[in-house]
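Examination of the molecular architecture
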Amino acid sequence: MKTKTRTIKGTLLAQALALAFGVSSLPAFAQSNATGSIYGQVPGEAGLTVVLENEGTGVHRTITPDHSGKFQATSMPPGHYKVSLMRGPALVQALEVEALVGKGVEASFAGASGVQTVTVAARVSRIDVSNTNNGAVFTSKELAALPIGQNLAAIIQLAPGTNKYTLATYGSSASFGGAGASENSFYVNGFPITNILTQVGASELPFGSIANAQVLSGGYGAEFGRSTGGVINITTKSGTNSWEAGGKLTYAPGTLRSAPKNTYYPNTGANPLTDGKLYSYAQDNATETKTAGLYVGGPLVKDKLFMFAALEQSRTNLESVASNSATAVSPTGFSESGSTVSRYLVKLDYNLSDDHHLEFTKIYDRTETLTRSFGFDYNTLSRNNVQKGAATFVNCCGAAAPGANDSIFKYTGYLSDNFTITALYGESKTGHTRTPEGYNPAVRQTSSSPSTRVPGLVYNNLQTVTGSLPTPDSGDQQKTFRLDLEYKLGNHSLRGGIDRNRVSSVVGSTSAGGGVWSYHKNVDPNKKPYGAFESPAQGGGYGTQGYFVSEDLTNNVAHPSSTQSAQYIQDRYQVLDNVLLDLGLRDEQFTNNNSVGQPFISQKHQVAPRLGVSWDVNRDGTLKVFANAGRYFLQVPTNLSSNVAGVFLSTQKNYTYTGVDPTTGAPTGLHPISDVVSANNAFGISRDPRVITAVDIKPLYQDEMSLGFEKAWSPSLNVGLMATYRTLRSTNDDFCDQRPIDAWGLRNGVDTSNFAFNCAIINPGVDNTLMLDLAGDGKLTRVELSAADIGHPKLKRTYAALNVFAEHPFRNGWYGKINYTLSQSKGNSEGQVDSIGGGDVALTVGWDHKELMLNSYGYLPNDHTHVIKAFGYYQLNPEWSVGGNANITSGRPRNCIGNLPESAGPDMGYGGSYFFCNGVATPRGSQGRLPWDMQLDFNVAYTPAAFKGLRLKVDVFNVFNRQTVTSVNEAYNNEDAISANYLQVQTRAAPRATRLTAEYNYKF
């Protein structure tokens, strides 16, 4: 065994760090967001050292305990370690432990004496007294044993305090502790993989490449930011000194999937033609998925260079009715789609020495979907085979498949026993395309009618696509740099660092074919079209008869970018031998730029204090009391920039013509009769960034407190309780009401009669100052509006929860855990998203004008009073095991959204978007609840002894086929009548499905 002992006790850099932190002679308990720690106690005698050996890679790290015998090794890559107590070159005792991401594991040798060579297993304890975070960690073995989906969303739902969103706009994203879908952060090996454009969801990786999955629901330290919901922290597998390889095949056949339920019109009592009738036929919809995966890992150079690679591809075929019965016969009412999801990961680890480690991670995630449309007849409930359209989507469109092509470089250096440095640099790129079948981007659209065509000419339209398409170069990029320094000084572990994300996107749409030739005719040839300097008659050609053509160009493409920077310092202070204080301070800066690089949001010095306490009551890791409090900030996504700070082009130029190309339908013999004009001044010029947002706008931020305990009741039972309270202090959203501005002008003698307000981003519920071009001359006027002027109520969003758990650690062949969460989520805003009215992130409907906020306070859509989660697995014998996963959730609150009564004010053109029904106030969440959702998943696995390495498994999801209603249409009005769709089912729990898996793993 190597027994190398460091002799370096300090460096100039370490000394400089200590001076910078302003402390002296102070063991350590910090760990980075991609590593863990190993700590413990040895006899307090001189000459003892602790050697930690990664049993997979052979890397050693030697730690010298302090004078009391305590030791702590931080920034340890997750993995299996042999921890040896050494007296000089002699082995005294050894333990085996597993380091987990973001966790501390104890390896103590108290009482060890004499010279021994006995290796024993470390005491298994799920209570980590070295940590104040709120969350859970799942290992690859646990994830493989449980019946769950093979994605990050399924892992998140195992954690307490999490719920699924049910609005399709936000995909299968999660709410953590009452927060919105855009408020979570995702990391792989320390690199952010959150959806760059919207912050909703994240890219994925081959599921089998996950080593540890940490789900933090709150209380995290100052090294984490840009999240007011939760943090999903993934570390991947790495190669070891043993070669191993394997593969898997999974099949979810349509024949073993229950039929989905049809949707019917609700019985409103006001729509006899539709009440109770079939709305959407679904029971013959069919889907099946096949997945294949391969992996290989091992040493390229033993003890030095390791590789791990995983590839995974899944193919899903779906046939479904795409129309509803309102259109009895639809030529595109039936859809066939085939999706191919390709993912791979490559991880290289290079140990320059025991003290210096380099790693490289490559992640690729691509979803390609081909859709085809056919006719469907509701009279006969049958489809035809006449194809009417097809398109290919790549990483498009929405939150479900952001895609990724990531390259991540990381260095870790243990410069001394007391000083560790980690540096990370990564880049991410992804593209988004939608390509209709037969589409030719070089062919313009043409638009004509019999009344606008010159008799005898042929007006063809070769362009098969009408309207707009995503811009061809749509995509997102991210560059991330992070540096973390850690220094141990006596009873203090000081950690500080900086990070910087630079993200940019190309987002928007352009006219298919580049533009449209729109043919027109004036009855009076001498009448000039809008903006023309000549009449058609003056232009000649067929203009003498009133015929002319306009070249219509539409391009709504934005190139937004943003920079997110932060600096933090954290002191984990062992104030007593059994009391740990985690003191942190984080300073964040957010800058959002428009398409030409001008900042329109610049938020500096967002100071976020963090405080955590862990009390090891019995001094033996059997009872921990903990508490934390902190402030958390969140930036706005680049998606906001693309909507309010993009470059919008919508122009028209008129010509007369002398002919039409009979093949393409394009005009010939053009003569211009106008310059380029735009009815709404959309000439592709960016808005002045100063008018887009309120002056000194504040970011979304939230305060959180929690208090709890965990107790090892016995070696076979851990229990715990935690109370959490969160309150949202600020958010950003668009405000579009000109009335307060006109009132300000009247009070201040400023003419606003020629001003047209085009919305601005503000902090709702507080005073805001806008810079506006009131006179249209380019000169900006400072308009100061109080909260009372704007008419918004104070922002409110609170979340209070009590979580209780009982856990049976893996012992006697089984593991199990049950969580019960009692919670309440109330307010007048979900944050950056709105699952009632919808809208883009940070551009919801709710704050557009004050009447929309009437009766808006109440139970929020992600409020689920009771949630019970239970999961576990049991090893029946060496060959057979079973697993289960249950989720019992009380229903979300219902709303009634309708027209604004005249007595409450003008509807401002928003129709049925108010918390009123039939003229009566209906406060948010006051219309009862949807039913409880009770889901049970089950699996059984067979590992035959006669075929070593083979594993066969059957997973059954939603065993009892409870297709519970999870959301309904809450719009009461259709114009001035009761909507035929009011309370109609929108989403249900997925029907029962079965997944068959065969795996083979071989160790060389």
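Take empty space enclosed by the protein next. For the largest cavity, the calculated volume is near 200 Å³. Forming the boundary of the largest cavity are 21 residues, of which Thr194, Gln478, Asn501, Gln564 and Gln635 lie nearest the centre. Mapped by element, the contributors of at least two residues to the lining of the largest cavity are strand E12 (185-188), strand E31 (492-511) and strand E34 (561-576). For the lining of the largest cavity, the leading source of residues is E12, giving 3 residues.

Let us look at helix H6 (residues 739-748). At 3.6 residues per turn, the α-helix brings residues three or four places apart onto the same side. Those residues of H6 that fall on the buried side of the exposure criterion are Pro740, Ile741, Trp744 and Gly745. Here the buried residues of H6 occupy an arc of 140° about the axis, which is enough to place them on one side. Exposed residues lying more than 90 degrees from the buried face of H6 are Leu746 and Arg747. Looking one or two residues past H6, Gly749 carries a phi angle of roughly 65°, positive in sign.

The next thing to look at is the confidence of the model for the protein. In the predicted model, the protein carries a mean pLDDT of 91, and 94% of its residues have values of at least 70. Long-range and interchain partners of residues 1-31, a stretch whose pLDDT sits below 50, account for 86 contacts in this model, where long-range means more than four residues apart. Scored below 50 in pLDDT, residues 114-124 makes 25 contacts in the model with residues more than four places away or belonging to other chains.

All right, on to the sheet that holds strand E15 (residues 231-236) then. The strand order E9-E14-E15-E12-E13 describes an open sheet built from 5 strands, whose pairing is mixed. Each edge of the open sheet carries a strand with a single partner, namely strand E9 (134-139) and strand E13 (191-192).

Phi at Asn855 takes a positive value of approximately 60°, unusual for a residue other than glycine. A positive phi angle, close to 55°, is found at Asn918, a residue other than glycine.

The next point concerns a nonpolar patch on the surface. Residues Trp243, Leu300, Val301, Leu348, Tyr1000, Tyr1002 and Phe1004 make up a contiguous nonpolar surface patch of roughly 680 Å² in combined accessible area. When residues of the nonpolar patch are traced back to their parent elements, those giving at least two are strand E19 (286-301) and strand E63 (993-1003). With respect to the secondary-structure elements, Trp243 resides in the loop between E15 and strand E16 (244-252).

Looking now at the state of the cysteines. Scanning the entire structure with this criterion turns up 2 disulfides. With a sulfur-sulfur separation of 1.7 Å, Cys896 is cross-linked through a disulfide to Cys917. As the torsion about the S-S bond is roughly -110°, the Cys896-Cys917 disulfide counts as left-handed. One end of the pair, Cys896, is in the loop between strand E54 (880-889) and strand E55 (916-917); the other, Cys917, is in strand E55, and 21 residues separate them in sequence. In this structure, Cys896 and Cys917 share a single accessibility class: buried.

Relative to E34, E31 runs antiparallel, the two being bridged by 13 bridges. In the sheet register, Ser493 faces E34, and the bridge partner there is Arg572. Bridge count for E34 against strand E35 (residues 579-593) is 15 bridges, and the pairing is antiparallel. Bridging from a neighbouring strand, Ser562 pairs with Asn592 of E35.

A few words on the sheet that holds strand E1 (residues 36-41). Spatially, the 3 strands line up as an open sheet ordered E4-E1-E7, and their pairing is mixed. Across the chains shown, the open sheet's two edge strands, defined by having one partner strand only, are strand E4 (70-76) and strand E7 (104-106). This sheet shows a mean twist of 20° between the axes of neighbouring strands, independent of strand direction. As paired strands, E1 and E7 are joined by 3 bridges and run parallel to one another. In the strand pairing of E7, Ile38 is matched with Val105.

Procedures and definitions
Residues numbered from 1 in each chain as written. Predicted model: local features only at pLDDT ≥ 70, side-chain atom pairs only at ≥ 80, totals over all residues. Heavy atoms only, no water. 1 Å grid on protein atoms, 1.4 Å probe; cavity = no way out; pocket = protein on both sides within 12 Å on 5 of 7 lines; lining within 4 Å. Points joined across faces, edges and corners; volume = space filled by probe spheres on them. Helix = DSSP H or I, 4+ residues; strand = E, 2+ residues; numbered from the N terminus. Buried < 20%, exposed > 50% of the residue type's maximum accessible area, 1.4 Å probe, protein only. Arc of directions from axis to C-beta. pLDDT = per-residue confidence, 0-100. Contact = heavy atoms within 4.5 Å. Pairing = 2+ DSSP bridges. Patch = residues over 30% accessible without salt bridge, like charges linked within 9 Å, V, L, I, M, F, W, Y side chains within 5 Å. Areas by Shrake-Rupley, 256 points an atom, 1.4 Å probe, with all protein chains shown as cover. Salt bridge = Lys/Arg side-chain N within 4 Å of Asp/Glu carboxyl O. Disulfide = S-S within 2.5 Å. Axes fitted to C-alpha atoms, helices over the stretch in contact; angles between N-to-C directions.

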